[in-house]
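# Structural characterization, general
Chain by chain, the residues:
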Amino acid sequence: MTCRPEKVLGFLLKGYPRISETFISNEILLLEDMGFPLHIISMRQPREAFSHKSVSQIKAPVDYLPETLIAPLARLMYHNVQLMGRRPAAYAKAYRLMVKRYRRSHKLASIKHLLQAGYLVHAVLPNSGVQHIHAHFAHSPTSVALFSSCLSGLPFSFTAHAKDIYTSAPEQLEEKIRLAQFVVTCTQYNKRYLERLAAGAGPIHCIYHGIDVRLFSAVSTQRRPEPPYRLLSVARLVEKKGLPTVFRALKLLRDRGTDFHYSLIGDGEQRQQILQELARLHLGRMSEWLGTLPHEEVLQHYQNSDLFVLGCEVARNGDRDGIPNVLLESMAMGLPVVATTVSAIPEALEDGRHGLLVPPGRPEAMAAAMKRLLLDQELRSSIIQAARDKVLRQFDNRHLIGQLGELFADAGLPRRPGKVMAG
């Protein structure tokens, strides 16, 4: 494979750009600011009508892989047959790996991922300068990165997040960890799980996503909430967000005479089911669903709200959150948070100090915590200050992505001259 003299970092993503993955576009932008040349490879075309402003600032070229097997099969087969002829030994090795993974899972996705990887290596990588492939999410993107590494001889690494960890077959995930040059994950909770899963494998690093703290300005801690209280959730409409628990807590508040207006921002696969629950509890008069909004409008809702609430839980398929960025954003904005003790949320939010935490699926406890944080001004003021201090100290993404940049530098990817690490 011929390459440009410059060593480029290939970023392999499920979709790009995606409105729900601001942390990835921020990461790419900050890595570029540090001097790393990047090339984005996306497995899907964009599916939303708008994107965040950070996307327009990214300079990296973008290539899209064929998304499915049937319609682009001729194109996939052409590039794979060409690659097979040029690199027969590498292709045979990747094919054997695919067969082993298919026998474990009995899913056609293993075949598709090999064909996508063959397309990537033959059609995208030549003359791209890519010398290292980093995938975001441990499921499909890392599967394609794994096969691409096998076919090209390039090292790969990946960042594991939440659903991709806990809904992946353990044997398949363990194999990826052992073959990767290194693994990054976004919480200590995840890191402990991955280290148990692949004991003795290569390094697994915990680097929190963090947020761009420059975008958030705290609301005055002296403002005393008054009825009707303005309550807010920002979440994908999926099971793991625990929104029905939030709704039941709201019903308890209403039935006990608390006047409020509740705003829900977000969308998702279970929209109809979740919004039906809101209607079933007769909360329509006191609530509004706003769908997906640009980040600038979400910021306005943070500024104008009295309390942020999220009911995260472990979904029936094992899916769960890590640390939802919306919690960090709320904390940075001076908007106090009521959340649950699920997964890594306690790593960001100590109960009674940075917000209030309740067990998942407990609307009674959630309603009590919400009322307490609305009425106890002394507690509220101390939590607002401590929460913002913690975000500024531990979750500034410029510092955290600087740590990621150091991993790529250690992997042999030099930065352009004149750039400095974020921090």
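The shown structure was predicted, so the numbers you read here are calculated from the model rather than taken from an experiment.

Below, the discussion takes up the environment of Pro228. Secondary-structure assignment places Pro228 in the loop between β7 (204-206) and β8 (229-234). The exposure class assigned to Pro228 is partly exposed, which follows from its relative accessible area of 43%. Apart from the residues within four sequence positions on either side, Pro228 is in contact with Asp259, Phe260 and His261.

A few words on the pairing of strand β12 (residues 337-340). Burial of the side chains of β12 extends over both faces: Val337 and Ala339 are buried on one face and Val338 and Thr340 on the other. Strand direction decides the pairing type here: strand β11 (residues 307-309) and β12, joined by 2 bridges, are parallel. When the sheet's bridge partners are listed, Phe308 is paired in β12 with Val337. What joins β11 to β12 is helix α13 (residues 325-333), and the crossover it makes is right-handed. In terms of strand pairing, β12 meets strand β13 (residues 356-358) through 3 bridges, oriented parallel. Bridge pairing in β13 places Thr340 opposite Val358.

Right, let's talk about a nonpolar patch on the surface for a bit. On the surface, a cluster of nonpolar side chains totalling about 320 Å² of accessible area is made up of Leu73, Met77, Val81 and Met84. Summarising the element assignment, Met77 is placed in helix α3 (residues 73-86). By relative accessible area, Met77 is classed as partly exposed at 37%.

Let us look at the pairing of strand β10 (residues 287-291). Across 4 bridges, the pairing between strand β9 (residues 260-265) and β10 is parallel. Paired with Tyr262 across the two strands is Ser287, which belongs to β10. Between the parallel elements β9 and β10, the chain passes through helix α11 (residues 271-280) in a crossover that is right-handed.

So, about the sheet that holds strand β1 (residues 8-13). Read across the open sheet, the 7 strands follow the order β3-β2-β1-β4-β5-β6-β7; overall the sheet is parallel. Bordering the open sheet on either side are β3 (62-64) and β7, each of which pairs with just one other strand. Sheet twist, expressed as the mean angle between neighbouring strand axes with direction ignored, is 20 degrees. Here 4 bridges tie strand β4 (residues 130-136) to strand β5 (residues 156-160), and the two strands are oriented parallel to one another. Each residue of the ladder has a partner; that of Ile133, found in β5, is Phe156.

Rules and cut-offs
Residues numbered from 1 in each chain as written. Predicted model: local features only at pLDDT ≥ 70, side-chain atom pairs only at ≥ 80, totals over all residues. Heavy atoms only, no water. Helix = DSSP H or I, 4+ residues; strand = E, 2+ residues; numbered from the N terminus. Buried < 20%, exposed > 50% of the residue type's maximum accessible area, 1.4 Å probe, protein only. Contact = heavy atoms within 4.5 Å. Pairing = 2+ DSSP bridges. Right-handed = clockwise from strand over helix to strand, strands pointing away. Patch = residues over 30% accessible without salt bridge, like charges linked within 9 Å, V, L, I, M, F, W, Y side chains within 5 Å. Areas by Shrake-Rupley, 256 points an atom, 1.4 Å probe, with all protein chains shown as cover. Salt bridge = Lys/Arg side-chain N within 4 Å of Asp/Glu carboxyl O. Axes fitted to C-alpha atoms, helices over the stretch in contact; angles between N-to-C directions.

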